[in-house]
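Observations on the model geometry
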Amino acid sequence: LGRCAQTYGFSTNVLCAQALGWIKSQADARQPFFAYIATNAPHSPYVAPEADKQRFLKMGFDPGQAGFYGMIENIDHNVGRLIDKLAEWKLDQNTLLIFLSDNGTAGGRGRGAIGKDANGTPLEFYNAGMKGLKGSADEGGTRVPALFSWPGRIEPGRDIDRVAAHIDMFPTLLQIAGQDVPEDLQIDGRSLVPLLENPQAKWRDRNLFFHVGRWPKGADPDKFQHAKCAVRNQ
């Protein structure tokens, strides 16, 4: 920790292995911990371990698509390792596990070749029918999964149909840790704890703003202030 070191293996496997080792050291020392595990998958270039992409190649997906989905398959495997180890180390009942991503899918029509199944039907990237991809302010480019697991504290198998955003993570974790937002700190998010405890809890609606902060090199940023932006509420 705190130094650069050359490693060997697929990066997601390496990152998760290092995180598990550190979590185990904290558990052995009976210390609370916060582990933020940020993988670079499934970012381009879409290169996945052969074992993780083989079943997608057999289904007819193009090699680029198979690499993309193979990366997701590998993430699934490593999240499973994390869940299993938390249970093995008897940390699962006292650990909140949150899974989320930073943007909508990066794959879609026009981004690389599209494979075909045995019937010749194009195998396009799945985006739940939403408009837009990564790099856009449309729902398909900004809506992401947010899964919370805390056995014994959060009832499983529930959907929470309320608009939320990354800005809500900080006050949520503060409340769970028994801390208040400092009075001199102005934040835009709000704690999701009431919804985690009761999906039907009263929840005041609000507007959430999205902006793709990219423009050509050398261009005047003020001219792009309202380009590629969106406003959403419930």
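Scroll up for the structure.
So, here is what we can say about the structure in this document.

Each value, and the rule that gives it
- Residues numbered from 1 in each chain as written.
- Predicted model: local features only at pLDDT ≥ 70, side-chain atom pairs only at ≥ 80, totals over all residues.
- Heavy atoms only, no water.
- Core = buried A, V, L, I, M, F, W, Y, C linked by side-chain atoms within 4.5 Å.
- Buried < 20%, exposed > 50% of the residue type's maximum accessible area, 1.4 Å probe, protein only.
- Contact = heavy atoms within 4.5 Å.
- Helix = DSSP H or I, 4+ residues; strand = E, 2+ residues; numbered from the N terminus.
- Axes fitted to C-alpha atoms, helices over the stretch in contact; angles between N-to-C directions.
- Parallel < 35°, antiparallel > 145°, perpendicular 65-115°, else oblique.
- Left-handed = near helix turned anticlockwise from the far one by under 90°.
- Salt bridge = Lys/Arg side-chain N within 4 Å of Asp/Glu carboxyl O.
- Patch = residues over 30% accessible without salt bridge, like charges linked within 9 Å, V, L, I, M, F, W, Y side chains within 5 Å.
- Areas by Shrake-Rupley, 256 points an atom, 1.4 Å probe, with all protein chains shown as cover.
- Polar contact = N/O pair within 3.5 Å; in protein donor to acceptor, adjacent residues only side chain to side chain.

A closer look at the nonpolar core
Of all hydrophobic cores here, the largest spans nine residues; its members are Phe-148, Trp-150, Ile-154, Met-169, Leu-192, Leu-195, Leu-196, Ala-201 and Trp-203. With sequence-adjacent residues up to four places away left out, Phe-148 is seen in contact with Leu-96, Leu-97, Ile-98, Ile-154, Met-169, Leu-192 and Leu-196.

Looking at unusual backbone geometry
The residue after Ala-41, namely Pro-42, is reached through a cis peptide bond having omega 0 degrees. The topology assignment puts Pro-42 in the loop between helix H1 (11-28) and helix H2 (50-59). Each neighbour pair has its own omega, and for Ser-44 with Pro-45 the value is 0 degrees, a cis peptide bond. Within the secondary structure, Pro-45 sits in the loop between H1 and H2.

Considerations on the packing of H2 against helix H3 (residues 63-88)
Where H2 contacts H3, the axes come no closer than 7 Å and their chain directions differ by 135 degrees. Between H2 and H3, the angle is such that the two are oblique. For the element pair H2 and H3, the recorded crossing hand is right-handed. Contacts between H2 and H3 involve Asp-52, Lys-53, Arg-55, Phe-56 and Leu-57 from the former and Pro-63, Ala-66, Gly-67, Tyr-69, Gly-70, Glu-73 and Asn-74 from the latter.

Some details on the pattern of salt bridges
In this structure the tally under the stated criterion is eight salt bridges. Notably, a salt bridge pairs Asp-28 with Lys-24, separated by 2.9 Å at the nearest N-O pair. Of this pair, Asp-28 and Lys-24 are both found in helix H1, four residues apart, which corresponds to roughly one turn of the helix. Since its relative accessible area comes to 54%, Asp-28 is described here as exposed. Residue class for Lys-24 comes out partly exposed when judged on its relative accessible area of 28%. In this structure, Glu-155 and Arg-158 form a salt bridge, with 4.0 Å as the shortest nitrogen-oxygen distance.

A few points about helix H5 (residues 169-176)
Three or four residues apart is the spacing at which side chains of an α-helix point the same way, because the helix has 3.6 residues per turn. Along H5, the residues classified as buried are Met-169, Pro-171, Thr-172 and Leu-174. Along its buried surface, H5 packs onto strand E1 (97-100), strand E4 (146-149) and helix H6 (193-197). At the C-terminal side of H5, Gly-178 shows a positive phi close to 80 degrees.

Structural notes on a nonpolar patch on the surface
Taken together, the side chains of Phe-170, Val-181 and Leu-185 make up a nonpolar region of the molecular surface, amounting to roughly 230 Å² of accessible area. The topology assignment puts Leu-185 in the loop between H5 and H6.

Quick word on the side chain of Thr-95
Inspection of the secondary structure puts Thr-95 in the loop between H3 and E1. Classification of Thr-95 by relative accessible area gives buried; the value is 13%. In terms of polar contacts, Thr-95 uses its side chain to reach the backbone carbonyl oxygen of Leu-91, at 2.7 Å. When sequence neighbours within four positions are dropped, the list of residues in contact with Thr-95 reads Phe-33, Leu-86, Ser-149 and Trp-150.

Geometric descriptors of this kind do not, in isolation, establish any biological role.
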